[in-house]
Amino acid sequence: MKNLPLNPKIFIQNRQRFIKKMKPNSIAIFNSNDEVPSNGDALYRFQQNSDLFWLTGIEQEDTMLVLYPDNPDPKYREVLVLVRPNEMKEKWDGKRLRAQEGKDISGAAAVLWLDSLDGLLQQWIHLADTIYLNTNENDRKASLIQTRDYRFVQDMQSRYPLHQYERSAKIMREVRGIKTKEEVEVVKTAIDITHKAFLRVMKFVKPGVYEHEVEAEIVHEFLRNRARGEAYGSIIASGDRARTLHYISNNAECKDGELLLMDFGANYGGYCADLTRTIPVNGKFSKRQKELYNACLDIHNYAKSILKPGITIVDYTNKVGDEATKQFLKVGLLKKEDVKNEDRNVLESRAFRKYLYHGISHHLGVDVHDLGLKHLPIQAGMLFTIEPGIYVEEEQLGIRIENNVWITKSGNVDLFKGIPITVEDIEKAMKTL
């Protein structure tokens, strides 16, 4: 890991929060992700299972966690399982964690080697009534590839068919959605690094630079500040390319008179930041660009004013849609008859969706699209993005403005406060940096 050591209290608290939701005399087992082959003898860069990381802070492959709070043997109520270090493998692939290092990172009291687990695990399962197993229940899941979690489910149900089984994911969606203050402190570090990268690119951007050069400046700033790297594939989209929401080609020239939409964030210590800013390539917004940008900023600020405990995502999205409608009428994108003929009860049928065709907010945390319950009212402790946009095909431009906010009992805290966001602040920064 590139980051400084995190406070193990983060992971101790996370496990305690999960354990409180478990049934009596139950055992929960979590696995690391697979190492995935690419071509030849190469592997893709290893990416830890987010749930296992959230519970342990361990980024190493071939890791497991076993939680059995009612185990008659107290020393095995919480067990971190690591691959045994192998001298020859370490000569090729680098050092693996020792037992004490695993304890220091995770705060776990007991560490076992993977090759000694089976006998003990069988004993514990024979004592338990219920087994919690983990699967990917992120609503945005798209891949049908069978991962280690799903293979493990099949193996366990084959070996222990008469046990009761429960979904760990159901608990994880609930507890991961609420961030502790210790987690938010790590997110703030990721945000600080992202802020530095934004200041750097505002100084760098000018007519004639290429999108990939801007991306290189961002990644350089991330790595020199101990970030793991990008929280997701950076979107560096100039001109009309900004209308493609997940544009990642990042290979075109940034031209005079265009706007440049940049959606990027650092991953620090396993936690993500998610920033979007739209700036003029030449350092000066045109009159029309300024008009549209300020309309987007008004929508952003309105969304921030109503995103607080008690509101549902559905109500929130509809209210932001009302504000977007108001702003789009103001800047001439919509006409009154467009709004008159819309079906307010069907989101996709509303007139504003022609120019704002994505959601306004999503959960943020260990994953950039983090777990969280969407059908229940928003609760204090949740961490959200706020990211309205305006995308105008006729004018070949896209604008999006995104900050990250932590929900509190009385409202929310903008964690991006101080990062240039207004037309005036952006133009001043691009001129003086």
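Going by the structure above, here's the rest.
Residues numbered from 1 in each chain as written. Predicted model: local features only at pLDDT ≥ 70, side-chain atom pairs only at ≥ 80, totals over all residues. Heavy atoms only, no water.

**Q** Pulling in residues and values, what's your account of the sheet that holds strand E16 (residues 403-408)?
**A** Here we have three strands laid out as an open sheet, ordered E13-E16-E17, and antiparallel in their pairing. The open sheet has two edge strands with one neighbour each: strand E13 (383-386) and strand E17 (411-414). Each neighbouring strand pair of the sheet contributes to a mean axis angle of 40 degrees, computed without reference to strand direction. (Pairing = 2+ DSSP bridges. Helix = DSSP H or I, 4+ residues; strand = E, 2+ residues; numbered from the N terminus. Axes fitted to C-alpha atoms, helices over the stretch in contact; angles between N-to-C directions.)

**Q** Can you break down the layout of surface pockets residue by residue, with the values?
**A** Put simply, the second largest pocket is a space of about 430 Å³. In this structure, the second largest pocket is lined by 18 residues; those nearest its centre are Arg-140, His-246, His-362, His-369 and Glu-387. When its residues are assigned to classes, the lining of the second largest pocket shows five nonpolar, seven polar and six charged. (1 Å grid on protein atoms, 1.4 Å probe; cavity = no way out; pocket = protein on both sides within 12 Å on 5 of 7 lines; lining within 4 Å. Points joined across faces, edges and corners; volume = space filled by probe spheres on them. Nonpolar A, V, L, I, M, F, W, Y, C, P; charged D, E, K, R; others polar.)

**Q** Outline the sheet that holds strand E9 (residues 259-264), supporting the account with residue identities and numerical values.
**A** Strand order in the open sheet formed by three strands is E8-E9-E12, and the pairing between neighbours is antiparallel. With one partner strand each, in any of the chains shown, strand E8 (235-238) and strand E12 (275-280) form the two edges of the open sheet. Here the average twist between neighbouring strands, direction ignored, is 10 degrees.

**Q** A description of the packing of helix H10 (residues 287-306) against helix H11 (residues 313-330) should follow, citing residues and the corresponding values.
**A** Two quantities define a packed helix pair, namely the angle between the helix axes and the distance between the axes. Look at H10 against H11: their axes get within 9 Å of each other, and the N-to-C directions meet at 155 degrees. Of the possible angle classes, the one that applies to H10 and H11 is roughly antiparallel. For the element pair H10 and H11, the recorded crossing hand is right-handed. Across from Ala-295, Asp-298, Ile-299, Tyr-302, Ala-303 and Ile-306 in H10, the residues of H11 making contact are Tyr-316, Lys-319, Val-320, Glu-323, Ala-324, Gln-327 and Phe-328. Residues that form the contact of H10 with H11 fall into these classes: nine nonpolar, one polar and three charged. (Parallel < 35°, antiparallel > 145°, perpendicular 65-115°, else oblique. Left-handed = near helix turned anticlockwise from the far one by under 90°. Contact = heavy atoms within 4.5 Å.)

**Q** A description of unusual backbone geometry should follow, citing residues and the corresponding values.
**A** Although it is not a glycine, Asn-25 adopts a positive phi angle of roughly 50 degrees. Note that Asn-25 resides in the loop between helix H1 (9-19) and strand E1 (26-31). According to the relative accessible area criterion, Asn-25 is buried, its value standing at 18%. (Buried < 20%, exposed > 50% of the residue type's maximum accessible area, 1.4 Å probe, protein only.)

**Q** Residues and numbers for the pattern of salt bridges, please.
**A** Going through the model one piece at a time under the given rule, you end up with 40 salt bridges. Residue Asp-93 is joined to Lys-89 by a salt bridge in which the shortest nitrogen-to-oxygen separation is 2.9 Å. Remark: Lys-89 and Asp-93 occur in helix H3 (residues 87-93); sequence separation between them is four residues, near one turn of the helix. Taking the relative accessible area as the measure of exposure, Asp-93 reaches 46% and is therefore partly exposed. Connected through salt bridges with shared partners, the residues Asp-51, Arg-176, Lys-179, Asp-367 and Asp-370 form a single ionic network. (Salt bridge = Lys/Arg side-chain N within 4 Å of Asp/Glu carboxyl O.)

**Q** Which residues make up empty space enclosed by the protein, and what values do they have?
**A** One pass over the full model with this rule turns up one cavity of 30 Å³ or more. Approximately 90 Å³ is the volume attributed to the largest cavity. Lining the largest cavity are Asn-138, Asp-139, Arg-140, Arg-173, His-362, His-363, His-369, Asp-370, Leu-371, Gly-372 and Lys-374. Of the residues that constitute the lining of the largest cavity, the class distribution is one nonpolar, five polar and five charged.

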